[in-house]
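Each chain, letter by letter, is given below.
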Amino acid sequence: FFSPLVADAEMLGTPDPDLAATMGFSGFGKKARTFDLEAMFEQTRRTAVERSRKVLEAREREKEDETEKEFRIPYTASSVSASSAKGPGTTLTEREAVCSESEDNSNEALSGPSMQSQSSAKGPAEDTDDDDDDDEEEFIGPPLPPGFKDSDEDNDNDDTEEEDDNPVKKIPDSHEITLQHGTKTVSALGLDPSGARLITGGYDYDVKFWDFAGMDASLQAFRSLQPCECHQIKSLQYSSTGDVILVVSGNSQAKVLDRDGFPVMECIKGDQYIVDMTNTKGHTAMLNSGCWHPKIKEEFLTCSNDGTVRTWDVNNEKKHKSVFKPRSVQGKRVIPTTCTYSRDGKLIAAGCQDGSIQIWDRNMTVHTKFHCRQAHASGTDTSCLTFSYDGTVLASRGGDDTLKIWDIRQFKKPLNSADGLPSFFPMTDCCFSPDDKILVTGTSVKKGGGSGKLFFFYRETFQKLYEIEVTDASVVRCLWHPKLNQIMVGTGNGLAKVYYDPVKSQRGAKLCVVKTKRKERQAETLTQDYIITPHALPMFREPRQRSTRKQLEKDRLDPMKSHKPEPPVAGAGRGGRVGTHGVTLSSYIVKNIALDKTDDSNPREAILRHAKEAEENPYWVAPAYAK
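A quick note: this is a predicted structure, and the numbers were derived from the prediction, not measured.

## Here's the deal with the overall build of the chain
A count of helical and extended segments in the chain gives 14 helices and 28 strands. Each of the 627 residues in the chain was classed as buried or not, and the buried ones make up 39%. Contacts spanning at least 24 positions in sequence make up 49% of the contacts within the chain whose residues lie at least 6 apart. Counting every atom, the chain has about 37,500 Å² of accessible surface; 52% of that belongs to carbon and sulfur.

Printed below as a string of structure tokens:
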């Protein structure tokens, strides 16, 4: 900014000492001073006026030969000086008038635009580099013809013009990397807003985290987890700030994880026995899709097979915020298969199984604001809805093998439509390019039926611009990140591919492909035999004897060890325990013996009662004394 001012000051002579002091030219080692912007701009204006006057005088003095005259006459419109050519009278007189005016007014106060108009009177070749080259050289001689430019500049401009004319040049597909998620379908992809981390989820219930800056060329995920146990992952998305992740799976409860995969909240499950879904606190059936609010970082949206679309707040997991209930033409419940917010977050759109697309105002839950009843074939799953970046157009990917774009203000028929795009998955994606001119979607193939492809359509005409053969399996998810300018693709055989261009793309995959693989450390061989005492190893070490008091305190806290034995049951059994007189044979005999009521009050009679039997059949005493 200051270098042209210094040059200007030199051209005009010794600068004003006050100005030099103000501008800080005098003594660079001194303390910095505040700049007087008005003085700076005034000085710049004077310099520009003086220079343009000098240039005009130099050109007037210049005499040109015949060839130059002939060369300049056809291009009087781009001529700079007032007397540079003797072309058609009207044009020349106008130019002379302009030049004379500029000379007359050179000492008057001029505003910015008037200076621009003076400089715009120069030739087209001078226009481009006027500001940069004024200090170094002044334009002398005839202006260059309009088509002529410096060779380097010419090449650059040709490239940019060619890219503008040909949108295919903007597709970053010259290089690719493949991330191995698993063996089953990659059904969810998510990139954080900065583009530093990618998350993939699949039919194998896994969610994997990939860090582009931390990965090397071996392309390994740094974390893998199963947040929803044995439920397929339907959708993954980072919030607008990138600090939390929404996980939508095959169960009825959406989860929110932090950046490292730790749970932040889980939505509540609704009561499946209540008929009116408005009165339940959460979803009661399998989820289909979900997404974050683009502006409010705590709010997200889910839709489910219970026939509702619900909004939630991360800070309140006990109940949804609001409920939207899509209805068929007959007013019956219909299942939403996909949902999304508009780019400003004011509208909520849902694609339903009856082929309709229904759009509500976020604050009005009862009636739809826009709806199209026959957007796609009835009975098919509309797998994706997405708004363009400018917010005027809605793209829908249907289960009826079509891709359509709609102007929601005229929602009766699509602006454009493409068919013959097979889709076998309820989450096949479509997305807009960062410049909003291209629409991208993937196609599905049966096993052994060829390659899944990524198709690129021109938004205005829906002409097919380009296609990429991704792999010999279906292309399910696709995502074109606006900051990285890289395309992520999830496939049916467990791969996540990243397409990029080293020139057009930023960071992302470019960071990890340049890093060499880390060498695995070889196990170091023992150079000498170490003598290891077996009892020094932890597995053989005997437990240290703890004090009895501590052990007793621990035992007292143990409910099993400190349990008081039950006392024996007296009388009849109670509390599930059998009493003293049980139902076994032995207990019955004991009971009967105890009940023997024989009166043994006279012991002599009781003994003599057995005397006769003892005489007749001696058994105990008599045989011993017989011999």
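Moving on from the model shown.
## As for the packing of aromatic side chains
What the rule picks out here adds up to nine aromatic pairs. Judged by centre distance (5.5 Å) and plane angle (50 degrees), the ring pair of F324 and W360 falls under tilted. With F324 in strand 13 (residues 322–324) and W360 in strand 16 (residues 357–361), this pair connects stretches of sequence that are 36 residues apart. Overall, F324 belongs to the buried group, its relative accessible area being 0%.

## Brief notes about the environment of I487
Summarising the element assignment, I487 is placed in strand 27 (residues 486–491). Once the C-alpha coordinates of I487 and E176 are considered, the two residues, 311 residues apart in sequence, prove to be 9.3 Å apart. Apart from the residues within four sequence positions on either side, I487 is in contact with I171, P172, L454, F456, L479, W480, K497, V498 and Y499.

## Points about the sheet that holds strand 23 (residues 438–442)
An order of 22-23-24-25 is seen for the four strands of this open sheet, with the pairing classed as antiparallel. The open sheet is flanked by strand 22 (430–432) and strand 25 (464–471), the only strands paired with a single partner. Taking the axes of each pair of neighbouring strands and ignoring which way they run, one obtains an average angle of 20 degrees across the sheet. Where strand 22 and strand 23 come together, three bridges link them in antiparallel fashion.

## Focus: the UniProt feature "repeat: WD" (unreviewed entry) in the chain
Mapped onto the present numbering, the UniProt feature "repeat: WD" (unreviewed entry) falls on residues 179–211, 280–322, 341–361 and 375–409. Helix and strand shares over residues 179–211 are 0% and 58% respectively, and the end C-alpha atoms of the span are 11 Å apart. Helix makes up 0% of residues 341–361 and strand 57%, whereas the separation of the span's terminal C-alpha atoms amounts to 10 Å.

## Thoughts on the nonpolar core
Judged by nonpolar contacts, the single largest core of 18 residues is most densely connected at I177, L179, L198, F212 and M488. At the level of secondary structure, the elements contributing two or more residues to this core comprise strand 1 (175–180), strand 2 (186–191), strand 28 (495–500) and helix 9 (509–513). Not counting the four nearest positions on each side in its chain, L179 is found in contact with L198, W210, M215, L219, G494, L495, A496 and V498. L465, I468, I487 and V489 belong to the second-largest nonpolar core, a separate cluster that totals 15 residues.

## Description of helix 3 (residues 37–61)
Helix length check: helix 3 (25 residues) gives 36 Å between terminal C-alpha atoms against 36 Å at 1.5 Å per residue, within 8%. Within the sequence span of helix 3, burial applies to M40, Q43, R45, T47, V49, R51, V55, L56 and R59.

## Focus: a nonpolar patch on the surface
Residues L585, Y588, I589 and I593 make up a contiguous nonpolar surface patch of about 450 Å² in total accessible area. As for its placement among the helices and strands, I593 is situated in helix 11 (residues 585–594).

## Examining the sheet that holds strand 10 (residues 287–292)
An order of 10-11-12-13 is seen for the four strands of this open sheet, with the pairing classed as antiparallel. Strands with a single pairing partner mark the edges of an open sheet, and in this sheet they are strand 10 and strand 13. This sheet shows a mean twist of 20 degrees between the axes of neighbouring strands, independent of strand direction. Sheet analysis places strand 12 (residues 309–313) next to strand 13, joined by three bridges and oriented antiparallel. In the strand pairing of strand 13, V309 is matched with F324.

## Things to note about the state of the cysteines
Inspection of every chain in the model, using the stated rule, returns zero disulfides. Among the cysteines around C303, which has no disulfide bond, C339 carries the closest sulfur, lying 3.8 Å off. For the unlinked cysteine C431, the closest cysteine sulfur is that of C478, found at 4.1 Å. C431 sits in the buried class, given a relative accessible area of 11%.

Quick notes on the rules
Residues numbered from 1 in each chain as written. Predicted model: local features only at pLDDT ≥ 70, side-chain atom pairs only at ≥ 80, totals over all residues. Heavy atoms only, no water. Helix = DSSP H or I, 4+ residues; strand = E, 2+ residues; numbered from the N terminus. Buried < 20%, exposed > 50% of the residue type's maximum accessible area, 1.4 Å probe, protein only. Contact = heavy atoms within 4.5 Å. Areas by Shrake-Rupley, 256 points an atom, 1.4 Å probe, with all protein chains shown as cover. Phe/Tyr/Trp six-rings, centres within 6.5 Å; stacked < 30°, edge-to-face > 60°. Pairing = 2+ DSSP bridges. Axes fitted to C-alpha atoms, helices over the stretch in contact; angles between N-to-C directions. UniProt positions renumbered as here; feature names shortened; annotations may be inferred. Core = buried A, V, L, I, M, F, W, Y, C linked by side-chain atoms within 4.5 Å. Expected span 1.5 Å × (residues − 1). Patch = residues over 30% accessible without salt bridge, like charges linked within 9 Å, V, L, I, M, F, W, Y side chains within 5 Å. Salt bridge = Lys/Arg side-chain N within 4 Å of Asp/Glu carboxyl O. Disulfide = S-S within 2.5 Å.

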